[in-house]
Amino acid sequence: MSVTTTTHLNFRGTAREALDFYRSVFGGRTVVVTYKDAGAVQNESEADWVMWGEVAGDNGFHVMAYDVPSQLPWNQGDNPFFVSVRGDDAEEITALWGKLAEGSTIVRPLEPAQWAPLYGMLTDRFGVTWVLDITAPYNG
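Each chain carries its own residue numbering, running from 1 in the direction its sequence is written. The model is predicted, so local features are restricted to residues of pLDDT at least 70 and side-chain atom pairs to those at 80 or more, both for listing and for counting; the totals for chains, interfaces and linings are taken over all residues. Computation of side-chain values: all heavy atoms of the structure, hydrogens and water removed.

- For the protein chain, an unreviewed UniProt entry supplies the name VOC family protein and the organism Streptomyces rhizosphaericus.

**A short note on the nonpolar core**
For soluble globular proteins, the rule of thumb is that nonpolar side chains tend to be buried together.
Consideration 1: As used here, the term nonpolar core means buried Ala, Val, Leu, Ile, Met, Phe, Trp, Tyr and Cys residues forming a set that is joined through side-chain atoms within 4.5 Å. Throughout this description, buried means an accessible area under 20% of the type-specific maximum (1.4 Å probe, protein chains only), exposed means over 50%, and partly exposed covers the range between. Counting residues in each nonpolar core, the largest one holds 28 residues, and the members touching the most others are Leu-9, Phe-11, Tyr-22, Phe-26, Leu-100, Trp-130 and Leu-132.
Consideration 2: Only DSSP runs of H or I reaching four residues or more are called helices, and only runs of E reaching two or more are called strands; each is numbered from the N terminus. Breaking this core down by element, the ones donating at least two residues are strand 1 (7–11), helix 1 (15–26), strand 3 (50–56), strand 4 (62–67), strand 5 (82–87), helix 2 (90–100), strand 7 (116–123) and strand 8 (129–134).
Consideration 3: What Leu-132 contacts, discounting residues up to four positions off in sequence, is Val-85, Ile-93, Leu-96, Trp-97, Leu-100, Leu-110, Leu-118, Tyr-119 and Gly-120.
Consideration 4: In terms of nonpolar packing, the next biggest core, distinct from the first, is built from five residues, Ala-116, Tyr-119, Met-121 and Val-131 among them. Contacts are assigned to residue pairs that have any heavy atoms within 4.5 Å of one another.

**Thoughts on the packing of aromatic side chains**
Consideration 1: Stacked, tilted and edge-to-face are the three classes assigned to paired rings of Phe, Tyr and Trp, where Trp is represented by its six-membered ring and a pair needs centres within 6.5 Å; plane angles under 30 degrees give stacked, over 60 edge-to-face, the rest tilted. Inspection of every chain in the model, using the stated rule, returns nine aromatic pairs.
Consideration 2: Ring centres of Tyr-22 and Phe-126 lie 6.1 Å apart, and the angle between their planes is 70°; on these two criteria the pair is classed as edge-to-face. Here the residue Tyr-22 occupies a position in helix 1, and Phe-126 occupies one in the loop between strand 7 and strand 8, the gap between them amounting to 104 residues. Comparing Tyr-22 with Phe-126 shows no difference in burial state: the two are buried.
Consideration 3: Through a chain of ring-to-ring contacts, the aromatic side chains of Phe-11, Phe-21, Tyr-22, Phe-26, Phe-61, Phe-126 and Trp-130 assemble into a single cluster.
Consideration 4: A cation over an aromatic ring shows up here: Arg-125 above the ring of Phe-21, its NZ or CZ 4.2 Å from the ring centre. Any Lys NZ or Arg CZ found within 6 Å of a ring centre and within 35 degrees of that ring's normal is scored as a charge over the ring.

**As for the side chain of Ser-104**
Consideration 1: Along the chain, Ser-104 turns up in the loop between helix 2 and strand 6 (105–113).
Consideration 2: The definition of a polar contact used here is a pair of N or O atoms within 3.5 Å, where within protein one atom must be able to donate a hydrogen and the other to accept one, and adjacent residues in sequence count solely through side-chain atom pairs. Engagement of the side chain of Ser-104 in a polar contact is seen with the backbone oxygen of Ala-101, the distance being 2.8 Å.
Consideration 3: When sequence neighbours within four positions are dropped, the list of residues in contact with Ser-104 reads Leu-122, Thr-123, Asp-124 and Arg-125.

**Looking at the sheet that holds strand 5**
Consideration 1: DSSP bridges decide pairing: two strands pair if at least two such bridges lie between them. Here four strands make up an open sheet; going across it, the order is 5-8-7-6 and the pairing mixed. On the outer flanks of this sheet lie strand 5 and strand 6, each paired with one strand and no other. On average, each strand axis in the sheet is inclined to that of its neighbour by 10°, with strand direction left out of account.
Consideration 2: Both strand 5 and strand 8 contribute to a ladder of six bridges, which runs parallel. In the sheet register, Val-83 faces strand 8, and the bridge partner there is Trp-130.
Consideration 3: Running over the sheet, helix 2 touches strand 5, strand 6, strand 7 and strand 8 and is turned about 160° from strand 8. Convention adopted: a line fitted to C-alpha atoms gives each axis, helices being fitted over their contacting stretch, and angles between N-to-C directions are expressed from 0 to 180 degrees.

**Quick look at the environment of Gly-127**
Consideration 1: Here Gly-127 lies in the loop between strand 7 and strand 8.
Consideration 2: Gly-127 sits in the partly exposed class, given a relative accessible area of 36%.
Consideration 3: As for Gly-127 and Leu-19, which are separated by 108 residues in sequence, their C-alpha atoms are 13 Å apart.

**Some details on helix 2**
For the α-helix, the turn length of 3.6 residues means that residues three or four positions removed from each other point alike.
Consideration 1: Among all positions of helix 2, only Ile-93, Leu-96, Trp-97 and Leu-100 are buried. Seen end-on, helix 2 carries its buried residues on one side only, within an arc spanning 105°.
Consideration 2: Residues of helix 2 that are buried make contact with helix 1, strand 5, strand 6, strand 7 and strand 8.
Consideration 3: Of the residues that open helix 2, the one with a side-chain oxygen 2.8 Å from the backbone nitrogen of Glu-91 is Asp-89. It is the directions from the helix axis to the C-beta atoms that the arc portrays.

Here it is in C-alpha cells:
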C-alpha cells in the first residue's frame, strides 16, 4: 500500500480558471464536476462553479480544487499553505517557473540558494504560493 498527498485548493468562483491555468503550466488532463453536474445547486448563480476538480499529469503533477459555495465561510487567508514543486532538472524547473510567474508576485527569485542548487517562491494571480526547487542531496 502506498500513500500520496495532493494539494487541494479552495477558491470562490475561480477554481475552473485556476485549474485551466495549472494545466497550461504543467500539462495533464483536467476533470471538473460542477454543482449542476452533481445535482447540488443551492445558489443558481453558482451552478457552474466547480464542486470537485483536478489536474493530473503523466509527469506526477496532481492538484485538486473546488469553489467554496457562498453559504460556507471562506477566506483566502495569508499563506495557509505552499505548493512545492521539486525536480532534478534545472531546465524543467526553470520552464515551469517562467509559466507560473506570469501575473504573479515574486517572493524570492528563482536562483541558487544555500540549501538548493535552484530555489524560488512566488504567489500566483490566484493567491496560491508556490515553491519551486531543485532537489539537493541531504547531508545530515
